Amino acid sequence: MALEEATMPLAGRDAQAPSENAGSVTAQPRSDATRATLLSGPILPTLLKLALPTMVVLVAQTAVNIAEAYYVGFLGTDALAGVALVFPVFMLMTMMSNGGLGSGVSSAVARAIGAGRKQDADALVFHALVLAVFVGALFTLGTILGGPALYRALGGKADALDAALKYSNYLFAGAIPVWIVNLQAAALRGSGNVRVPAAVTLIGALVMIPTSPILIFGFGPVPRLGIGGAGIAFGLYYCAAMLFLTRYMASGRAGLTFRFVPLDGQLFADILKVGVPTAVNTVLTNLTVILVTGAVGLFGTTALAAYGIASRLDYVMIPILFGLCTATLTMVGVNFGAGEFARARRIAWISAFVGLALTGTIGLIVALYPPLWTTLFSHDAEVLREGTIYLHIVAPAYAALGFGFVIAFAAQGAGHVLWPFIASAARILLAAGCGWIAVGRFGAGMTGLASMVTASLVAYAAICTVVMVSPSIWARGKR
């Protein structure tokens, strides 16, 4: 109960539309038109209009990750294993900044706009930047100081551990720009502006796909940097994106205006009451993968490389879903801010079934023919065999992941994160806890471990569904 109460927006703050904001809202017809569409437009077309730009470019961004793994594959199995060790921590940062605290920013901005509090929506942008600098610095310091012990504990040895440390140090040197860009983009999406964040991501993908191999393998005057080159390319892109988005939002053309304002504890609370519990959810999600990675590490470097390849598809589902989820969060948040609770619930149901169909289709295709994915990264027979076992068992459960993941974002838009938190906790207990027991105590191989991962995804979706039938959220419009 305490957690649920802590994540509820202040009803009075959301419900009021102060007169001093009325002029600024009227002065921005584009913002008014967007708000009107979110509150009264047809649900599915509006959802797809918001989601598709982000989904398209996030698929492009995912292509960058796939291409990077493809390039690293030419450096050998040890390099692939090193990337597999770092990848869960990298995705933790990505998911916390986009779907953790980023969801808190999007939810706070959406509810402020829905309630007519345009000045608060603008001020939230600066508060988000302050949080980005603080948390980004924690990631940089944490990976430098704790990376060696973490990657060693996950099974990294000899050359694989050396590759992981080199990749990690370069990658997380740019953590602050990553956090700034992702929270700026979250604020824009919360206001209904999805095109500019999408365009920035798309341009970044087009630049990074050719840049990464140049830095990894060298070209002309550019020296061969090996696995560290992939991390450097990543940091260069986010620094450029940070400068562009800051200038764009300061210009006033974004719908939201970035400016320096006095820090307000209430605005931080509006972000953190959703952002912190949601960030904890992302920690649990990634901790699941980290612990499962550790369990796979008991099988040796080959199995670790196979799991890194196969589980990367698990993460590919996340950016594909993210466009849909951010659109869902924005629509639910704006409707909650305006008191349209029944419409918010309909949006959540429709979005969840779209997510199920999307990820379920991808999962079914890969489950039927795993080489479509695994041979992109390796042709080692043993690596392919282990990766195929994992995908045959886990990929069909991607439908459950899509359904539950979208519901979790709908709950964030409504300011409720209790049940998604419980769902994430159950997922880690099944996948990581039972997985470690199956491997360490009973000697289960990849089949047993993959079965635990599948069970965890089904349980996650089932528990998230409680959100949709809870009268305290939808029937009484409790916020």
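Residues numbered from 1 in each chain as written. Predicted model: local features only at pLDDT ≥ 70, side-chain atom pairs only at ≥ 80, totals over all residues. Heavy atoms only, no water.

Concerning the overall build of the protein chain
Secondary structure assignment for the protein chain yields 20 helices and zero strands. Looking at the 479 residues of the protein chain, the share that counts as buried comes to 61%. Relative to all contacts within the protein chain whose residues are 6 or more apart in sequence, the contacts with residues 24 or more apart total 85%. (Helix = DSSP H or I, 4+ residues; strand = E, 2+ residues; numbered from the N terminus. Buried < 20%, exposed > 50% of the residue type's maximum accessible area, 1.4 Å probe, protein only. Contact = heavy atoms within 4.5 Å.)

Digging into the confidence of the model for the protein chain
With 89% of its residues at a pLDDT of 70 or more, the protein chain shows a mean pLDDT of 78. Within the protein chain, helix H1 (residues 2-6) has the poorest average pLDDT of any element, 32, and helix H14 (residues 341-368) the best, 90. Counted against residues more than four places away or in other chains, residues 1-27, with its pLDDT under 50, gives 54 contacts. (pLDDT = per-residue confidence, 0-100.)

Structural notes on the side chain of Thr454
By secondary structure assignment, the location of Thr454 is in helix H19 (residues 446-464). Looking at Thr454, the relative accessible area reads 17%, which means it is buried. Excluding residues within four positions of it along the chain, Thr454 makes contact with Ile393, Val394 and Ala397.

With respect to the environment of Val383
Considering the arrangement of structural elements, one finds Val383 in helix H16 (residues 381-394). Given the relative accessible area of 4%, Val383 is considered buried. Here the alpha-carbon distance between Val383 and Tyr307, two residues 76 residues apart in the chain, equals 8.4 Å. In this structure Val383 touches Thr302, Ala305, Ala306, Ile309 and Ser378, once residues within four positions along its chain are discounted.

A word on the pattern of salt bridges
Two side chains that carry opposite charge are able to pair once their charged atoms sit near each other. The tally for this structure, following the rule as stated, stands at two salt bridges. Notably, a salt bridge pairs Arg259 with Asp122, separated by 3.7 Å at the nearest N-O pair. Pair noted here: Arg259 is in the loop between helix H11 (227-250) and helix H12 (265-297) and Asp122 is in helix H7 (residues 118-153), with a separation of 137 residues, a long-range link. Arg259 gets classed as partly exposed once you look at its relative accessible area, which sits at 36%. (Salt bridge = Lys/Arg side-chain N within 4 Å of Asp/Glu carboxyl O.)

Observations regarding the nonpolar core
In summary, soluble globular proteins display a tendency toward joint burial of nonpolar side chains. If you look at the biggest cluster of nonpolar residues, it comprises 154 residues, and the most contacted ones within it are Phe139, Phe172, Trp179, Trp373, Tyr390 and Trp474. With 22 residues, the single largest contributor to this core is helix H13 (residues 301-337). Contact partners of Trp474, with chain neighbours within four places excluded, come to Val332, Phe336, Phe341, Ala344, Arg345, Ala348, Val467 and Met468. (Core = buried A, V, L, I, M, F, W, Y, C linked by side-chain atoms within 4.5 Å.)

Some details on the packing of aromatic side chains
Overall, the coordinates contain twelve aromatic pairs when judged by the stated rule. Ring centres 5.3 Å apart and planes at 65 degrees place the aromatic pair Phe126 and Phe260 in the edge-to-face group. Highlighted residues: Phe126 in helix H7 and Phe260 in the loop between H11 and H12, separated in sequence by 134 residues. Assessed through its relative accessible area of 10%, Phe126 is described here as buried. Accessibility expressed as a relative area gives 68% for Phe260, which makes it exposed. Note on Phe405 and Phe409: the rings are 5.2 Å apart at their centroids and 45 degrees apart in plane angle, and the pair reads as tilted. With Phe405 and Phe409 both in helix H17 (residues 398-413) and four residues apart, this pair spans about one turn of that helix. Overall, Phe405 belongs to the buried group, its relative accessible area being 10%. Aromatic ring contacts, followed pair by pair, group Phe90, Phe234, Tyr237 and Tyr238 into a single cluster. One residue, Arg427, lies across the ring of Tyr460, its end atom 5.8 Å from the ring centre. (Phe/Tyr/Trp six-rings, centres within 6.5 Å; stacked < 30°, edge-to-face > 60°. Lys NZ or Arg CZ within 6 Å of the ring centre and 35° of its normal.)

Some details on the packing of helix H6 (residues 77-114) against H7
Where H6 contacts H7, the two axes come as close as 11 Å, and the packing angle between them is 165 degrees. On the basis of their axis angle, the class for H6 and H7 is roughly antiparallel. As for the relative orientation of H6 and H7, their crossing is right-handed in sense. In contact with Leu85, Val86, Val89, Leu92, Met93, Met96, Leu101, Val105, Ala108, Val109, Ala112 and Ile113 of H6, H7 contributes Ala121, Leu124, Ala128, Val135, Phe139, Thr143, Leu150 and Tyr151. The residue inventory of the contact of H6 with H7, partitioned by class, reads 19 nonpolar, one polar and no charged. (Axes fitted to C-alpha atoms, helices over the stretch in contact; angles between N-to-C directions. Parallel < 35°, antiparallel > 145°, perpendicular 65-115°, else oblique. Left-handed = near helix turned anticlockwise from the far one by under 90°. Nonpolar A, V, L, I, M, F, W, Y, C, P; charged D, E, K, R; others polar.)

Overview of a nonpolar patch on the surface
Residues Leu364, Ile365, Leu368, Tyr369 and Leu372 make up a contiguous nonpolar surface patch of about 550 Å² in total accessible area. The biggest single contributor to the nonpolar patch is H14, with three residues. As for its position among the elements, Tyr369 is in the loop between H14 and helix H15 (371-374). Assessed through its relative accessible area of 47%, Tyr369 is described here as partly exposed. (Patch = residues over 30% accessible without salt bridge, like charges linked within 9 Å, V, L, I, M, F, W, Y side chains within 5 Å. Areas by Shrake-Rupley, 256 points an atom, 1.4 Å probe, with all protein chains shown as cover.)

Things to note about the environment of Arg259
As for Arg259 and Met249, which are separated by ten residues in sequence, their C-alpha atoms are 8.5 Å apart. With residues up to four places along the chain from it excluded, the contact list for Arg259 reads Gln119, Asp122 and Phe126.

Some words on the packing of helix H9 (residues 175-190) against H11
Put simply, H9 and H11 touch, their axes get as near as 8 Å, and they point 40 degrees apart. In terms of axis orientation, H9 runs oblique to H11. The interaxial crossing formed by H9 with H11 has left-handed handedness. Across from Pro177, Val178, Ile180, Val181, Asn182, Gln184 and Leu188 in H9, the residues of H11 making contact are Phe234, Tyr238, Cys239, Ala241, Met242, Leu245, Thr246, Tyr248 and Met249. Classifying every residue of the contact of H9 with H11 by side-chain character gives 13 nonpolar, three polar and no charged.

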